[in-house]
Amino acid sequence: MTKNFYVTTAIDYVNARPHIGHAFEKVLADALVRWHKAKGEKTWFLTGTDENAQKNARAAKEQGIPVKKFVDSNSKIFVELCKKLNVDYDRFIKTTEKEHKLNSQKIFKEIYDNGDIYKGEYEGLYCVGCEAFKTEKDLIDGKCPEHDIKPEWISEEAYFFKLSKYKDKLLKFIDSYIIPEQRKNEIVSRLKNEPLKDLCVSRTNLDWGIDSPIDKNFKIYVWFDALINYISGAEGNWPVDVHVIGKGINWFHSVIWPSILISADYDLPKKLLVHGYLNFQGKKISKSLGNVIDPIELVNKYGSDSVRYSLLRCSVFDDSDFSEELLKKRNNELADKLGNLILRISALAEKYGITKPVITLTLDDERKRLLRGSKLKIEVLDKKKNEYILRPKEGEGLKIEFGEVFPLILSYPSQFLEATISLIEKYLDNYEFDKALDEIFKFIDFCNGYTQEIRVWEHTEADRKILYQLIESIRKINPYLGIFIPETAKKIERIFKTDKIKKSEVLFKKI
RNA sequence: AGCGGGGUAGAGCAGUCUGGAGUGCUCGCGGGGCCCAUAACCCCGAGGUCGUGUGGUUCAAAUCCCACCCCCGCUACCA
């Protein structure tokens, strides 16, 4: 039995409601899974919530709710988010699950038995109010911002993981692991330029979390157990093919996680896809700035596909801006370009009928010459790799004389489609979903322009054949659309299922 | 501070590796066209000293080299 293509997202803290960044990550991972499904692969998609953190315990106490009850009810909101966004996971893991706890302890013990966990002294700034160690960055004017007191420098017994010994192995592994290049370079330069210290993997004096299997006085450091969720939720599909994470937790997934796996003698994950953050007017989205966007509300207001589309239009790797205004703009894009095309084409097809053209063509040299000579331009994609694409010539539209060039026009949408699809697939394989989506919409634009310039509504014999070509093209590109906007793709599929086409409903309402 | 990314039309971006008239895309703005369609769709136009040095190399620089300015990211227990 071969294992399924295994994709994960980060698991989310449940101390607050999901924000738009959570939605972004889940939708990215979902699109990746849908792409692999479209390629005919079997997939396994894991997402979930991280519930053992002290932060959750603290948030629950503040609200006067038992911790378990608190994390359960908040976890449900993340499940709801996935459902609303059509994020089609196979398994939703909660790290308070018994199985996961046992699994974390098992792996902790294995590493201990291998001699990679040892007892030492942890030194650091400790805030009595938080009952937690603080870093310099957590402090404002040297004080804990929550309790307004200076933390004390204390040292206590703790267990450490021998992270330092994996430096060379990591450098080798990382080379083919982290995507994109920029994020890889960050980690590589840190590994090369800074000493790699051992990692404290225990916490003491906590009443929430997973007990250390080797010393009852300690809990397992929450990061350690959180990472292990990927194994707990694998169900026979280990190793992970793609971890989808945000840039903020790159170090944990690039350095700590592989080290744990090497130490515990597990196969390593294949790829780490590090995405950027969504900002609001160039600023970080945060509660204190009051610019948190609730994705569930957005879906209720605008529909799943509009939200998915506007998220997937954002750059995968770089930070990008996001706002409700932008979402509205994107929604209108869907209505004007895609919605309009489907409606006008289906209306024309109902009114005049379609005829399957009998002429099939390939692009021989003569036709290539014609293409170059008249209404198309050849755009350079990558000079090095000798990749080109055919596009309508700017400023000329497609006013082609009928007659001997007619077979050429007739085959043109499918020729163009072929080039577009190979591009889309290239981008999808490179995790550049935004670019893939852009190509799809360039093709939608093309179809609108083509319809216009050929004046398909004049319903000649030729128009009926051209209409057929257009519909064939839509049918062929639709599965790619389904990766991004599955609900709409299903509707489009239904509309063009037979050759007896009825005028479609409005797919997207303009806002 | 160190390392990395970036500064191109009102906004957001390609283009830079491999130099060839500021070429292009999306949005916004102005004008026109079409009438199949959701005031949609199509075409044309305005708008740029390509961060600065009126720096170097070159017949030729957004692109290569140098200096400087500005923005952003990463810098480990923040899950």
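Residues numbered from 1 in each chain as written. Chains lettered and ligands numbered in written order. Predicted model: local features only at pLDDT ≥ 70, side-chain atom pairs only at ≥ 80, totals over all residues. Heavy atoms only, no water.

A. Fine view of helix α2 (residues 54-62). All of the buried residues along α2 are Gln54, Asn56, Ala57, Ala59 and Ala60. Buried residues in α2 make contact with β2 (12-13), β3 (43-50) and α3 (67-84). One or two positions beyond α2, positive phi appears at Gly64, with a value near 65 degrees. (Buried < 20%, exposed > 50% of the residue type's maximum accessible area, 1.4 Å probe, protein only. Helix = DSSP H or I, 4+ residues; strand = E, 2+ residues; numbered from the N terminus. Contact = heavy atoms within 4.5 Å.)

B. Focus on the environment of Ile471. As for its position among the elements, Ile471 is in helix α15 (residues 461-484). Residue classification places Ile471 among the buried residues on the basis of a relative accessible area of 0%. Note: C-alpha distance between Ile471 and Phe496 (25 residues apart in sequence) is 7.3 Å. Those residues in contact with Ile471 that lie beyond four places of it in its chain are Ile345, Ala349, Ile354, Phe496 and Ile501.

C. Region of interest: the packing of α3 against helix α9 (residues 295-302). Look at α3 against α9: their axes get within 10 Å of each other, and the N-to-C directions meet at 35 degrees. Here α3 and α9 pass one another in a crossing that is left-handed. Where α3 abuts α9, its residues Ile77, Glu80, Leu81 and Lys84 lie against Pro295, Ile296, Val299 and Asn300. A class-by-class count of the residues in the contact of α3 with α9 yields 5 nonpolar, 1 polar and 2 charged. (Axes fitted to C-alpha atoms, helices over the stretch in contact; angles between N-to-C directions. Left-handed = near helix turned anticlockwise from the far one by under 90°. Nonpolar A, V, L, I, M, F, W, Y, C, P; charged D, E, K, R; others polar.)

D. The nonpolar core, seen in detail. One finds Phe322, Leu338, Phe433 and Ile440 to be the most contacted residues of the largest nonpolar core, which totals 96 residues. In this view, Phe433 contacts Leu28, Ala31, Leu32, Leu273, Leu312, Val316, Leu428 and Phe484; residues no more than four positions away in its chain are not counted. Trp44, Phe173, Ile220 and Trp251 belong to the second largest nonpolar core, which has 51 residues in total. (Core = buried A, V, L, I, M, F, W, Y, C linked by side-chain atoms within 4.5 Å.)

E. The side chain of Asp116, seen in detail. On the secondary structure map, Asp116 appears in the loop between α4 (98-113) and β5 (117-127). Within the structure, Asp116 has its side chain in polar contact with the side chain of Tyr166 (distance 2.4 Å). Other than its neighbours up to four places away in sequence, Asp116 contacts Ile111, Phe160, Phe161, Lys162, Lys165, Tyr166 and Ser263. (Polar contact = N/O pair within 3.5 Å; in protein donor to acceptor, adjacent residues only side chain to side chain.)

F. Here's a closer look at the pairing of strand β1 (residues 5-9). Within β1, 5 of the 5 residues are buried, leaving the element largely enclosed by the surrounding structure. Where burial is concerned, the two faces of β1 agree: the one with Phe5, Val7 and Thr9 and the one with Tyr6 and Thr8 are both buried. Bridge count for β1 against strand β12 (residues 242-246) is 3 bridges, and the pairing is parallel. Along β12, the bridge assignment pairs Val7 with Val242. (Pairing = 2+ DSSP bridges.)

G. The arrangement of the pattern of salt bridges in detail. Within this structure, the stated rule accounts for 37 salt bridges. One salt bridge in this structure joins Glu324 and Lys301, with 2.8 Å as the shortest N-O distance. Taken as a pair, Glu324 in helix α11 (residues 324-352) and Lys301 in helix α9 lie far apart in primary sequence, 23 residues in all. On the basis of relative accessible area, Glu324 is assigned to the partly exposed category, the value being 26%. Overall, Lys301 belongs to the exposed group, its relative accessible area being 57%. Several salt bridges share partner residues, and in doing so they unite Arg313, Arg330, Glu333, Asp438, Glu439 and Lys442 into one network. (Salt bridge = Lys/Arg side-chain N within 4 Å of Asp/Glu carboxyl O.)

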